[in-house]
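Report on the structure
Here is what each chain is made of, one letter per residue.
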Amino acid sequence: AMWGAEVLYIADTWLEEEKQGLHINAKELLATSAALATFVGATAARYALEFTDNTVAEGAARRTAPASPQLQRLVERRTAFLRERGAFTEMARVGTHENLWADLISREGGLAIFLEQVEEQGLVARRLEVAEGWRDTSGLRSSADDPELA
């Protein structure tokens, strides 16, 4: 996230038990939702523009009515968070090839390259921890009635 001359980022690894049973689309929406909650919480911003390279996550966030039970539960959490904060967001699609910094941070050895690139741009990087409660994925576990997991 850009905040003035700062690049706020999260460089964390989901534990196996946190991501177990989550569909890839749920993982993508969880990552963007956790980032949204973290960045809005750290900045007290009321408006956020989010980007994702996952079309299903984008659609779920924009329409707030996904078919998948996992995505429904995530959208409910996002909406409750935004209402509680009095914040608004817009989700936009970015091509995978344009998602450079997010992909760098998520790859082994990529964090150092990301930090170097941020510095080269004359910006300051500030690492944040995932907002409280957003690492809890226990309420998102797959179930037999989730067609996305079949």
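These lines cover the structure that appears in this document, whether it is placed above or below. No experiment lies behind these values; they were computed from the predicted model shown.

Criteria and thresholds
Residues numbered from 1 in each chain as written. Predicted model: local features only at pLDDT ≥ 70, side-chain atom pairs only at ≥ 80, totals over all residues. Heavy atoms only, no water. Phe/Tyr/Trp six-rings, centres within 6.5 Å; stacked < 30°, edge-to-face > 60°. Helix = DSSP H or I, 4+ residues; strand = E, 2+ residues; numbered from the N terminus. Lys NZ or Arg CZ within 6 Å of the ring centre and 35° of its normal. Axes fitted to C-alpha atoms, helices over the stretch in contact; angles between N-to-C directions. Parallel < 35°, antiparallel > 145°, perpendicular 65-115°, else oblique. Left-handed = near helix turned anticlockwise from the far one by under 90°. Contact = heavy atoms within 4.5 Å. Nonpolar A, V, L, I, M, F, W, Y, C, P; charged D, E, K, R; others polar. 1 Å grid on protein atoms, 1.4 Å probe; cavity = no way out; pocket = protein on both sides within 12 Å on 5 of 7 lines; lining within 4 Å. Points joined across faces, edges and corners; volume = space filled by probe spheres on them. Pairing = 2+ DSSP bridges.

**A closer look at the packing of aromatic side chains**
Counted by the stated rule, this structure contains 4 aromatic pairs. Where Phe81 meets Trp134, the ring centres are 6.4 Å apart and the plane angle is 90 degrees; that geometry is what we call edge-to-face. Taken together, the residues span a long stretch of sequence, with Phe81 in helix α4 (residues 69-85) and Trp134 in the segment after β5 (124-127) at a distance of 53 residues. Through a chain of ring-to-ring contacts, the aromatic side chains of Tyr9, Trp101 and Phe114 assemble into a single cluster. Taking NZ or CZ as reference, Arg77 lies 4.5 Å from the ring centre of Trp134, over its face.

**What to know about the packing of helix α2 (residues 24-43) against helix α3 (residues 55-63)**
Following both chains from N to C, one finds α2 and α3 inclined at 60 degrees, their axes separated by 8 Å at the closest point. In this view, α2 runs oblique relative to α3, as classed from their interaxial angle. Judged by the sense of rotation from one axis to the other, the crossing of α2 with α3 is right-handed. Along its contact with α2, which presents Asn25, Glu28 and Leu29, the element α3 presents Val56, Ala57, Ala60 and Ala61. Residue composition of the contact of α2 with α3, grouped by class: 5 nonpolar, 1 polar and 1 charged.

**Some details on the layout of surface pockets**
Looking at the largest pocket, its volume works out to about 1,800 Å³. Lining the largest pocket are 49 residues; nearest its centre among them are Ala31, Thr32, Ala35, Phe39 and Ala102. Of all the secondary-structure elements, those providing two or more residues to the lining of the largest pocket are β1 (2-3), β2 (6-9), α1 (16-19), α2, β3 (47-52), α5 (100-106) and α6 (110-120). The element that contributes the greatest number of residues to the lining of the largest pocket is α2, accounting for 12 residues. By residue class, the composition of the lining of the largest pocket is 31 nonpolar, 7 polar and 11 charged. Computed from the structure, the second largest pocket encloses a volume of approximately 230 Å³. Ala61, Thr64, Thr79, Leu82 and Thr89 are, among the 14 residues lining the second largest pocket, the residues nearest its centre. Sorting the residues of the lining of the second largest pocket by element identifies α3, α4 and β4 (88-93) as the ones contributing at least two each.

**Notes on the sheet that holds β1**
Strand order in the open sheet made by the 3 strands is β1-β2-β5, with mixed pairing throughout. Each end of this open sheet is capped by a strand with a single partner; those strands are β1 and β5. Strands in contact with α6 are β2 and β5; relative to β2, the strand with the most contacts, it is inclined by about 160 degrees.

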